[in-house]
Amino acid sequence: MRRVRLGARGPEVSRLCFGTLTMGPLQRDMSPQDGAALLCYAANRGIDFVDTAEIYGTYPHIALALRRHPQLKVCTKTYACDAAEAAKSLALAQQGIGRAYIDVFMLHEQESEHTLRGHEEALRYLAEKKREGLVGAIGISTHHVAAVRAAIRFGRNWGGLDVVHPIFNRKGLGVVDGTRADMEEACAQAKAHGMGVLAMKPLGGGHLIGAPQSAFGYVLTHPAVDAVAVGMQSTAEIDYNLAVFEGCAPAKDTRRICARAPRRAMVHDWCAGCAACVQRCDQQAIAVREGRAHIDAARCVRCGYCATVCPQFCIKII
Ligand code: SF4
Ligand code: SF4
């Protein structure tokens, strides 16, 4: 597996990053043992970069994998706004994965300079922990072009943010405030400023799964992209993605297994119609009609964010 440096200040990692959202309680809900087994399988094949977030619920899976593969690099994310919340998030991550050092710590779901300013205290705290050697690099994850641009400008206040983690795919799916070209341009600027670019959702949340090789080909050959986070739920998916990332044709049986229907978000019938999920979805994919939430599959990018706010626990990505 080809290795890359995540920008001028980020860690050296495998170009394929194992996204763990899909194995956690918001999606497949694998046991920590089963999730760790997949992470170890991937690690044995050279994938040593793992993406998670506080809300993904996959720290236990990563902790188990780290026992066998302490070399894994871990990127996590927090919604913390101030120093106290950021300290709590850092402690949760450290205790959760069983290691004091976090390779990359990001602010989750940033939208613009406005939201970055609103999280300034948390960023200051993470920058301080970076200086103390507890955090390797700091950054943001986002579906917004404006946030990537803001990270370049506003990040200077902390000596520069190190990594951006934008939604990035062949059709610009899920980019909330612009086009594919806008996101490409913003990421190219970020890279020119020494930031690492970790692309997310190369398959557009499943919408591009009909032509995965061209979807991956676009991201892997784009000069602005350093590494790519991909959610994987089976050894076949790992094998498939490894082959594609290495420029090889995936084995026939791997292709067959991976050619299944894309994941989708569904709402159980005990939905109370409270509309909390409607507010949470930045893709405007949810509407409440006749007292129940309905998800527009054409707009949904399977991020699972709506599921985190549902008081009835009735949204699942399956
Ligand atoms: S409906 Fe839910 S999973 Fe789909 S894009 Fe909106 S928040 Fe994400
Ligand atoms: S948050 Fe949950 S209960 Fe409320 S409308 Fe959405 S799916 Fe239904």
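About the cut-offs
Numbers given to residues run from 1 along each chain, matching the order in which its sequence is written. Key to labels: chains lettered from A, ligands numbered from 1, both in the order written. Side-chain atom pairs in this predicted model are given and counted only at pLDDT of 80 or more, local residue features only at pLDDT of at least 70, and totals for whole chains, interfaces and linings cover all residues. Being near a molecule or strand means, for a residue, that its C-beta atom, positioned from the backbone, comes within 6 Å of it. Gly is put with the polar residues, along with every residue not named as nonpolar or charged; the nonpolar set is Ala, Val, Leu, Ile, Met, Phe, Trp, Tyr, Cys and Pro, and the charged set is Asp, Glu, Lys and Arg. Delimitation of the domains relies on an automatic or database domain assignment. Residues are scored as being in contact if the C-beta atoms we place from backbone atoms lie within 7 Å. By definition, a nonpolar core groups buried Ala, Val, Leu, Ile, Met, Phe, Trp, Tyr and Cys residues that connect through C-beta atoms lying within 7 Å of each other. With C-beta atoms placed from the backbone, a residue counts as buried when 20 or more other C-beta atoms lie within 10 Å of its own, as exposed when 12 or fewer do, and as partly exposed for counts between those limits. Think of it this way: any DSSP run of H or I at least four residues long counts as a helix, any run of E at least two long counts as a strand, and we number them from the N terminus. Only when DSSP finds a minimum of two bridges between them are two strands counted as paired. Seen with the strands pointing away from the viewer, any crossover whose path from the first strand over the helix to the second strand runs clockwise is right-handed. Only the stretch in contact is used when fitting a helix axis, every axis being a line fitted to C-alpha atoms; angles between N-to-C directions are given from 0 to 180 degrees. Any angle between 65 and 115 degrees counts as roughly perpendicular, while under 35 counts as roughly parallel, over 145 as roughly antiparallel, and the rest as oblique. The crossing is said to be left-handed when, going from far helix to near helix, the turn is anticlockwise and less than a right angle, and right-handed when the turn is clockwise. Residue count minus one, scaled by 1.5 Å, sets the expected span of a helix. Note that the arc is computed from the directions linking the helix axis to the C-beta atoms.

Here we look at the site of ligand 1
Move 1: Ligand 1 sits among 14 residues. The nearest are Cys281, Ala285, Cys300, Cys303 and Cys306.
Move 2: Split into classes, the residues belonging to the shell around ligand 1 amount to ten nonpolar, two polar and two charged.

Some thoughts on the domain arrangement of the protein
Where interface size is given, it is often the accessible area lost as the parts come together that is meant.
Move 1: Taken domain by domain, the protein consists of domain 1 (3–258) and domain 2 (265–317).
Move 2: With centres defined by C-alpha atoms, the gap from domain 1 to domain 2 works out at 24 Å.
Move 3: In this assembly, twelve residues from domain 1 lie in contact with ten residues from domain 2.
Move 4: Taken together, the residues of the side of domain 1 that touches domain 2 sort by class into five nonpolar, six polar and one charged.

A word on the nonpolar core
Move 1: Ala151 and Val228 are the most contacted members of the largest nonpolar core, which has 83 residues in total.
Move 2: The element contributing the most residues to this core is helix α6 (residues 145–154), with eight residues.
Move 3: Once residues within four sequence positions are removed from consideration, valine 228 is found in contact with Arg15, Leu16, Cys17, Ala199, Pro202, Val219 and Leu220.

Looking at the pairing of strand β10 (residues 227–231)
Move 1: By the criterion of burial, β10 is predominantly enclosed, with five of the five residues buried.
Move 2: Taking every second residue as pointing to the same face, both faces of β10 are buried, with Ala227, Ala229 and Gly231 on one and Val228 and Val230 on the other.
Move 3: Examined bridge by bridge, strand β3 (residues 16–19) and β10 share four bridges and lie parallel to one another. From the neighbouring strand, cysteine 17 faces β10, where its bridge partner is alanine 229.
Move 4: Inspection of the sheet shows strand β9 (residues 196–200) paired to β10 by three bridges, in the parallel sense. Of the residues in β10, the one forming a bridge with leucine 198 is alanine 227.
Move 5: The handedness of the β9 to β10 crossover, carried by helix α8 (residues 212–221), is right-handed.

Details of the packing of helix α1 (residues 32–44) against helix α2 (residues 59–68)
Move 1: As a packed pair, α1 and α2 sit with axes 8 Å apart at the nearest point and diverge in direction by 45°. Between α1 and α2, the angle is such that the two are oblique. Relative to α2, α1 is oriented so that their crossing is right-handed. Residues Pro32, Gln33, Gly35, Ala36, Leu39, Cys40 and Ala43 of α1 lie in contact with α2, whose contacting residues are Pro60, His61, Ile62, Leu64, Ala65 and Arg68.
Move 2: The residue inventory of the contact of α1 with α2, partitioned by class, reads nine nonpolar, three polar and one charged.

Examining the sheet that holds β9
Move 1: Reading around the circumference, β3-β4-β5-β6-β7-β8-β9-β10 is the order of the eight strands in this closed barrel, with parallel pairing throughout. Across the sheet, the mean angle from the axis of one strand to that of its neighbour is 25°, orientation sign disregarded.
Move 2: Sheet analysis places strand β7 (residues 135–142) next to strand β8 (residues 163–166), joined by four bridges and oriented parallel. Its bridge partner being in β8, threonine 142 is matched across the sheet by proline 166.
Move 3: Sheet strands in contact with helix α3 (residues 83–97) are β5 (73–78) and β6 (102–110), and its direction is about 145° off that of β5.

Let's talk about the site of ligand 2
Move 1: Inspection of the region around ligand 2 gives 15 residues, with Cys271, Cys274, Cys277, Ala293 and Cys310 positioned closest.
Move 2: Split by residue class, the shell around ligand 2 holds 13 nonpolar, two polar and no charged.

Digging into α3
Move 1: The end-to-end C-alpha separation of α3 is 21 Å, in line with the 21 Å expected for 15 residues at 1.5 Å each.
Move 2: Buried residues of α3: Ala86, Ser89, Leu90, Ala93 and Ile97, and no others. The arc enclosing the buried residues of α3, seen along the axis, measures out at 100°, which places them on a common side. Of the exposed residues in α3, the ones pointing more than 90 degrees away from its buried face are Ala84, Ala91 and Gln95.

Overview of the environment of glycine 96
Move 1: With respect to the secondary-structure elements, glycine 96 resides in helix α3.
Move 2: Taking the C-beta count within 10 Å as the criterion, glycine 96 has 19 such neighbours and is therefore assigned partly exposed.
Move 3: Between the C-alpha atoms of glycine 96 and valine 50, which are 46 residues apart in sequence, the distance is 14 Å.
Move 4: Setting aside chain neighbours within four positions, we find glycine 96 in contact with Tyr59, Pro60 and Ala63.

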